[in-house]
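Per-entry structural report
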Protein chains: 2
Amino acid sequence: MLTLYHHPFSPSSRFVRLALTEYGADFQLVSVNPWERPEELLSRNAAGAVPVLVENDGPSICGPAPIMEYLDETRGYAVADRRLMPDHPEARAETRRLVEWSLGKLDQEVVGLLVRERIYKQAMPRSAGGGAPDSNALRVARANIQHHLKYFGYLVASRRWLAGERLSFADFALAAEVSCADYLGEVPWATEENVKNWYARMKSRPSMRPLLSEKVLGMTAAPTYADLDF
Amino acid sequence: MLTLYHHPFSPSSRFVRLALTEYGADFQLVSVNPWERPEELLSRNAAGAVPVLVENDGPSICGPAPIMEYLDETRGYAVADRRLMPDHPEARAETRRLVEWSLGKLDQEVVGLLVRERIYKQAMPRSAGGGAPDSNALRVARANIQHHLKYFGYLVASRRWLAGERLSFADFALAAEVSCADYLGEVPWATEENVKNWYARMKSRPSMRPLLSEKVLGMTAAPTYADLDF
C-alpha cells in the first residue's frame, strides 16, 4: 500500500495524486498542513515539505520529481503504453525540463504565491505568518502568469501534448499547477485559447475528477474550476 | 561532443561539470552571464538559465537534474562501478532527494543568495540590479547555512557518503554548492567537523581541481578554498 502525505492545494501534491491515479496505483492520503511542522511529517521528510510517498514500511520518497521517477521505475513497465515517461533519453529530458518548469519556476513565480497568499495564509495563525494576502505578491503573480501561459500556449500549439506527441508527466505537472490557480479564478482563459484547449483535454481525464471536487473551507471555487466545458 | 553552457560560479553548473568529469565525458564549456539574457542561451533554454547541455546537434538538455538523468541514462552503463546513481529505486530516490536539497533548498536559502549578492551583482550593471550586496539577504543566508550544515553533518556522520554507502550524485551536488560558499569564506568550518571531513574527501577528487583553480575577477578566494588540508 502507498501512503501519500499531501496538502489538497499543494500543486506538487496534486501532481503526484494525478500520476498515482494514472499509473493505477492504490494509495491512501494523509492531509497535512506543512506550516504546522507536524512531527510525523518531519520524521518522514526533514525538509518538512509535501508531497512524501511511503510504500508499505519502506523509506520516504520525498518531493515530486523523486516520486515521479520512483513511480515510473517501479510501475512504468506495468502500465505499458500509458507510461508517462518517454523511452528516449532526449524525450525524457524534455519531459523533466517541463515538469521542473511547472513545479519549480511556474510555482515560484505564480501559483505558489497565489496559493500561499490566498489559501494557506487563511488557515495559518498570525504567529506563523497568516493573515491577509500580500497585495504585492499577488500583483507579481498576476503579471508573471501571462508570460508563462504564453510559453505553454506556444508549446501546446506546436505539439500534440506539452512535451511532445504523447501525454507525459509534463502535462500533469502543468495541470496540477493550473488547477490551483483556476480554483482561485486567477487564470486569464480569455487570452490563452491554446492553453485552454489543452486544459479542457486534461480536465476530461478521470484522474482529474477527485481534485476538481475539492474545496477550500469558506471559499467557493471560480465558475470555470470544475466545469469541463469552461 | 558535449557542450555545456554554464557560469563558473553557478553551483548547478559546477555540479554538472563534476558529473561530466566523473563520467569521463569530453565536453567544451561556453561561459555565459544569464542575467544578460544572451540570444544563444535563450534559444537553447527558454527559461534563460544555466546549465544547458547540448550533445552534437541534438536538442538542449536543460537544468541540472535533467542533465544528471540524461548523463546516467546515456553513459551510466559504461562507467560501471563508478556510476553515481544507485540501482535500487529507493536508493535512487534518496540520491535525488539530496541532489534537490542541495541544488534547490540549500541554493535558494543560502548559496544562491551569497553568489547573487557577492559575485553576480558585482558583474551586473546597475540597470540590471547590480551594485552593493543586500545586507539583509546576506544575514538570512548566514543564519540559514548553520541549519543546513547541521543536517548534512548528521547525514555524513551516519553514512559513508551523503546518500548512503556509495559515492553518488548527491555528494557532487553538495560539493558544488559548498565550493561556491567556501570561495566567499562563508562556510563556518570550525563548527562543522563532519561536513569538513566529508568535504576534504570530495576536494581530493581530480574532478574538483578545475573548479578550485577558478577565480572571480577582482576577488581573492578564501584561504580554505583550494587548500586540500584546510
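So, how was this worked out
- Residues numbered from 1 in each chain as written.
- Chains lettered and ligands numbered in written order.
- Predicted model: local features only at pLDDT ≥ 70, side-chain atom pairs only at ≥ 80, totals over all residues.
- Heavy atoms only, no water.
- Least-squares fit on C-alpha atoms with pLDDT ≥ 70 in both.
- Contact = heavy atoms within 4.5 Å.
- Buried area = accessible area lost by both parts, 1.4 Å probe.
- Salt bridge = Lys/Arg side-chain N within 4 Å of Asp/Glu carboxyl O.
- Polar contact = N/O pair within 3.5 Å; in protein donor to acceptor, adjacent residues only side chain to side chain.
- Helix = DSSP H or I, 4+ residues; strand = E, 2+ residues; numbered from the N terminus.
- Buried < 20%, exposed > 50% of the residue type's maximum accessible area, 1.4 Å probe, protein only.
- Expected span 1.5 Å × (residues − 1).
- 1 Å grid on protein atoms, 1.4 Å probe; cavity = no way out; pocket = protein on both sides within 12 Å on 5 of 7 lines; lining within 4 Å.
- Points joined across faces, edges and corners; volume = space filled by probe spheres on them.
- Nonpolar A, V, L, I, M, F, W, Y, C, P; charged D, E, K, R; others polar.
- Core = buried A, V, L, I, M, F, W, Y, C linked by side-chain atoms within 4.5 Å.
- Domains from an automatic or database assignment.

**Focus on the relation of the copies chain A and chain B**
Of the two same-sequence chains, chain A is brought onto chain B (RMSD 0.0 Å, axial shift 0.0 Å) by a rotation of 180°. The symmetry that links the two subunits is that of a two-fold axis.

**What about the interface of chain A and chain B?**
At the interface, 23 residues of chain A touch 23 residues of chain B. Between chain A and chain B, a total of about 2,000 Å² is buried, with carbon and sulfur atoms accounting for 64% of that surface. Inspection of the region where chain A meets chain B yields five salt bridges. Close ionic contact of Arg96(B) with Glu73(A) constitutes a salt bridge, the shortest N to O distance being 2.9 Å. At the junction of chain A and chain B, the tally comes to four residue pairs in polar contact (both at pLDDT 80 or more). When residues of the side of chain A that touches chain B are traced back to their parent elements, those giving at least two are strand E4 (60–62), helix H3 (64–79) and helix H4 (89–123) of chain A. With ten residues, the single largest contributor to the side of chain A that touches chain B is H4(A).

**Overview of the pattern of salt bridges**
Inspection of every chain in the model, using the stated rule, returns 35 salt bridges over all chains. Arg92(B) is paired through a salt bridge with Glu73(A); the nearest N and O atoms lie 2.7 Å apart. Separated into two different chains, Arg92(B) in helix H4 (residues 89–123) and Glu73(A) in helix H3 make up a pair that spans both. A residue is classified by how much of its surface remains accessible, and Arg92(B), at 13% relative accessible area, is buried. A cluster of three or more residues bridged by salt bridges with shared partners is formed by Glu69(A), Glu73(A), Arg92(A), Arg96(A), Glu69(B), Glu73(B), Arg92(B) and Arg96(B).

**Quick look at unusual backbone geometry**
The omega torsion of the bond from Val50(A) to Pro51(A) falls at 0°, within 30 degrees of zero and hence cis. Secondary-structure assignment places Pro51(A) in the loop between helix H2 (39–44) and strand E3 (52–55). Its identity is not glycine, yet Arg37(B) carries a phi of approximately 45°, on the positive side. Despite not being glycine, Ala80(B) shows a phi value in the positive range, around 50°. Mapping Ala80(B) onto the fold places it in the loop between helix H3 (64–79) and H4.

**Observations regarding the environment of Gly63(B)**
Residue and element names in this part refer to chain B. Position of Gly63 relative to the elements: it lies in the loop between strand E4 (60–62) and H3. Take Gly63: its relative accessible area is 13%, and that puts it in the buried class. For Gly63 and Lys215, which are 152 residues apart along the polypeptide, the C-alpha to C-alpha distance reads 24 Å.

**Considerations on helix H6 (residues 169–183) of chain B**
All names here are of chain B. Between its terminal C-alpha atoms H6 stretches 21 Å, which fits the 21 Å expected from 15 residues at 1.5 Å a residue. Of all 15 residues that make up H6, 15 are buried, and the element is covered over most of its length. Gly185, located one to two residues past H6, shows a positive phi value of around 70°.

**Side note on empty space enclosed by the protein**
Across all of its chains, the model carries three cavities of 30 Å³ or more by this definition. Along its surface, the largest cavity is lined by 13 residues, and Ala65(A), Glu69(A), Glu100(A), Ala65(B) and Glu69(B) are the ones closest to its centre. Counting only elements with at least two residues in the lining of the largest cavity, the list comes to H3 and H4 of chain A together with H3 and H4 of chain B. Here the residues of the lining of the largest cavity sort into seven nonpolar, no polar and six charged. Reported here for the second largest cavity is a volume of approximately 50 Å³. What lines the second largest cavity is simply Leu106(B), Val110(B), Val111(B), Ile145(B), Leu149(B), Glu177(B), Val178(B), Ala181(B) and Val187(B). Elements supplying a minimum of two residues to the lining of the second largest cavity: H4, helix H5 (135–158) and H6 of chain B. When its residues are assigned to classes, the lining of the second largest cavity shows eight nonpolar, no polar and one charged.

**Some thoughts on the nonpolar core**
Ranked by internal contacts, the top residues of the largest apolar core, which has 73 residues, are Phe15(A), Phe152(A), Phe169(A), Trp198(A) and Tyr199(A). Where this core is concerned, the elements lending two or more residues are strand E1 (2–6), helix H1 (11–22), H3, H4, helix H5 (135–158), helix H6 (169–183), helix H7 (193–203) and helix H8 (209–212) of chain A. Examining the composition of this core, we find that twelve residues originate from one element, H4(A), more than from any other. Of the domains in this structure, domain 1 (2–82) and domain 2 (89–212) of chain A are the two that each give at least three residues to this core. Not counting chain neighbours up to four residues away, the residues in contact with Trp198(A) comprise Val156(A), Trp161(A), Asp171(A), Leu174(A) and Ala175(A). With 71 residues, the next largest nonpolar core counts Phe15(B), Leu98(B), Tyr151(B) and Trp161(B) among its residues.

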